[in-house]
Every structure is written in C-alpha cells, then in structure tokens.
Amino acid sequence: MDERKQAMEERVAAVRQQMEQAARQAGREPKDILLLAASKTQDAQTVALSAGLDIDLFGENRVQELVEKQEAGAYGTKPVHMIGHLQKNKVKHTVGRAALIHSVDSLELAREISRIAQKKELVQDILIEINLAGEQSKSGVAPEQLEPLLEQVCQLPALRVRGLMAIPPISEKPGQNRPYFSALRQLFVDIKSKKYDNTYMDCLSMGMTRDFCDAIAEGSTLVRIGTGIYGPRMYKEEH
Ligand SMILES: *Cc1c(COP(=O)(O)O)cnc(C)c1O
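This structure is a prediction, so every number in the text was calculated from the model and none was measured.

About the thresholds
Residues numbered from 1 in each chain as written. Predicted model: local features only at pLDDT ≥ 70, side-chain atom pairs only at ≥ 80, totals over all residues. Heavy atoms only, no water. Helix = DSSP H or I, 4+ residues; strand = E, 2+ residues; numbered from the N terminus. Buried < 20%, exposed > 50% of the residue type's maximum accessible area, 1.4 Å probe, protein only. Contact = heavy atoms within 4.5 Å. Phe/Tyr/Trp six-rings, centres within 6.5 Å; stacked < 30°, edge-to-face > 60°. Near = heavy atom within 4 Å. Polar contact = N/O pair within 3.5 Å; in protein donor to acceptor, adjacent residues only side chain to side chain. Areas by Shrake-Rupley, 256 points an atom, 1.4 Å probe, with all protein chains shown as cover. Nonpolar A, V, L, I, M, F, W, Y, C, P; charged D, E, K, R; others polar. Axes fitted to C-alpha atoms, helices over the stretch in contact; angles between N-to-C directions. Parallel < 35°, antiparallel > 145°, perpendicular 65-115°, else oblique. Left-handed = near helix turned anticlockwise from the far one by under 90°. Core = buried A, V, L, I, M, F, W, Y, C linked by side-chain atoms within 4.5 Å.

Asker: Outline the side chain of glutamine 42, supporting the account with residue identities and numerical values.
Answerer: Mapped onto the elements of the fold, glutamine 42 is located in the loop between strand 1 (34-38) and helix 2 (44-51). For glutamine 42, a relative accessible area of 12% puts it in the buried group. For glutamine 42, the contacting residues outside a window of four places in its chain are Val47, Glu65, Lys69, Tyr230 and Arg233.

Asker: Got a sec to walk through the environment of aspartate 54? Specific residues and values, please.
Answerer: Here aspartate 54 is to be found in the loop between helix 2 and strand 2 (57-60). The class of aspartate 54 is partly exposed, set by a relative accessible area of 48%. For the pair aspartate 54 and methionine 206, spaced 152 residues apart in the sequence, the C-alpha separation amounts to 19 Å. If sequence neighbours within four positions are ignored, aspartate 54 has contacts with Val12, Arg16 and Leu35.

Asker: Can you tell me about the packing of aromatic side chains, naming the residues and giving the values?
Answerer: Applying the stated criterion across every chain yields a total of one aromatic pair. Pairing phenylalanine 58 with tyrosine 75 gives two aromatic rings, centres 5.1 Å apart and planes at 45°, and the pair type is tilted. In this pair, phenylalanine 58 is assigned in strand 2 and tyrosine 75 in the loop between helix 3 (63-71) and strand 3 (80-82), connecting sequence segments 17 residues apart.

Asker: Which residues make up the site of the ligand, and what values go with them?
Answerer: Within the structure, the ligand sits among Ala38, Lys40, Asn61, Ile83, Ile167, Met208, Thr209, Arg224, Ile225, Gly226, Thr227 and Arg233. Between the ligand and lysine 40 there is a distance of 2.7 Å, counted from an oxygen atom to a side-chain nitrogen or oxygen. Contact distances for the ligand include 2.8 Å between an oxygen atom and a backbone N or O atom of threonine 227. For the ligand, whose unbound accessible area comes to 390 Å², protein coverage reaches 90%. Split by residue class, the shell around the ligand holds five nonpolar, four polar and three charged.

Asker: A description of the packing of helix 5 (residues 107-119) against helix 6 (residues 146-153) should follow, citing residues and the corresponding values.
Answerer: Where helix 5 meets helix 6, the closest approach of the two axes is 10 Å, and the angle between their N-to-C directions is 25°. The angle between helix 5 and helix 6 falls in the class roughly parallel. Here helix 5 runs over helix 6; the crossing is right-handed. Judged by residue contacts, Leu107, Ala110 and Arg111 of helix 5 engage Leu149, Gln152 and Val153 from helix 6. A breakdown of the residues in the contact of helix 5 with helix 6 according to their chemical character gives four nonpolar, one polar and one charged.

Asker: Outline the nonpolar core, supporting the account with residue identities and numerical values.
Answerer: Ranked by internal contacts, the top residues of the largest apolar core, which has 66 residues, are Ile113, Ile128 and Leu164. Ignoring anything within four residues of it in the chain, the contact list for isoleucine 128 reads His102, Val104, Val141, Leu146, Leu149, Leu150, Val161, Gly163, Leu164 and Met165. One finds Leu36, Ile83, Met165 and Cys203 within the second-largest nonpolar core, a separate group that totals nine residues.

Written as structure tokens, this is what we have:
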C-alpha cells in the first residue's frame, strides 16, 4: 500500500479511537458523531487517497479548491461541506455542490444562498457560524445576534438551517475551550426548542485536531479534523 495512505490510515484510526473514547466517556454513541476531513491545501491525489479511509465526509475552506477536487472526483462517493468563509460572489459555485455550508453569518449571505438555490431548484442546508469569543479577526455572528438573524433566515424559501458551527480561539492546553463548546451547545439547545420554520437542528459542528475530545464531551455531532489526518499543512500561497 502507498506509504502516504498508510500514514493517513493510522492517523484516522487514532482519531476514531479517541472519538470513540470521548463519546463513551460522555455516555454518547460514537456513531452519532461524524468525522469530517478538513482537506484544505491537500491536492486532489491526496484527497482521493483519503477518500477510501474511515472518514465520513470532507470539508473545504475555499470554493475553488472544492470545485477542482470535486470535478477531479477526489471525494469519491463522500459528501463535501463548505467550512470556510464564503464570499457572496462565490455562492453560485457553492450551492448544490456543498451538501452543507457551515459558515453562514449574515442575512445578506443567507439571502444570496437562498436566491441561487431557488434558481437551481434545490434546498440548501446551512449552519450558522457563531463567533463565541468576540474575536475581531474571525467571522461568525455574536451569540446575541443569533435569534434576530434566525428570525429572518428562517423565512427564506430555499434554505434549511441544520445547526450551528464555531471555531473557538486556538487552545493552548486541553480543556481550555470547553466553556466555548458548552456555550455553543446551550445556544443549539435553545434554538432547537423554539422550532423556527425551515430549521431542522441536528448538526453541532465543533472540534478540531487540538480540541475535538472536549467538543465531543460537550455535545459535538461533527468534528472537523485537518492536521490530525493529513499531518502539518503546507501553504503554497496565502489568500
Ligand atoms: C483548517 C480547519 C479545520 C481543521 O483544523 P486542524 O486544526 O488542522 O484540525 C477545521 N475547521 C475549519 C473551519 C478549518 O478551517
């Protein structure tokens, strides 16, 4: 077997084992948590190698990468999600390709997604991205803006809100992000209980390589793992 594939296979097995352990410790079923491979910067060949491993789906940060790898067949039969910041002018290339868009954080963007989805005669699943720590450099809506936003978004015809996503600050030590994960889960539970139109809240997207066990302990249903699967990223160019 390809050496690179074997290295990835071992990393995926280790991640799965930790996911399972974290789930059991929290009294949860491992099958209730999806493993998304965050494949940004990885080329189509590497991604294609990883498609045969024990991962559930892929996530990309840039629309162009998503389109290229999808057209190359790199994801195999696995779905791909858009997990990075989405510009309005890229919406037309994303709707219908990404099974789920994790990064919706404004009414303007939601409207554009719904408009394009309507044109394509489909319903686009989305998550609302929350900026939990009020970090200026990051996208996402402030927690107190979530309900006003949802009241508008849930009236858009071609969208379905499936849940919430957040990227907490980079954690220096284990356990540091738990309060953020717990806060996101609380928001998720609150929104779910309010039964907005066009919402079907079943996805809580939180946890990355450094902190996915804490995220699972706090109720994550989808962890996004990049370096934990592919190893350190090499950035060819910055955008
Ligand atoms: C890159 C990225 C990840 C994965 O990060 P790792 O620390 O490499 O696991 C997850 N989510 C988003 C939104 C990302 O951009």
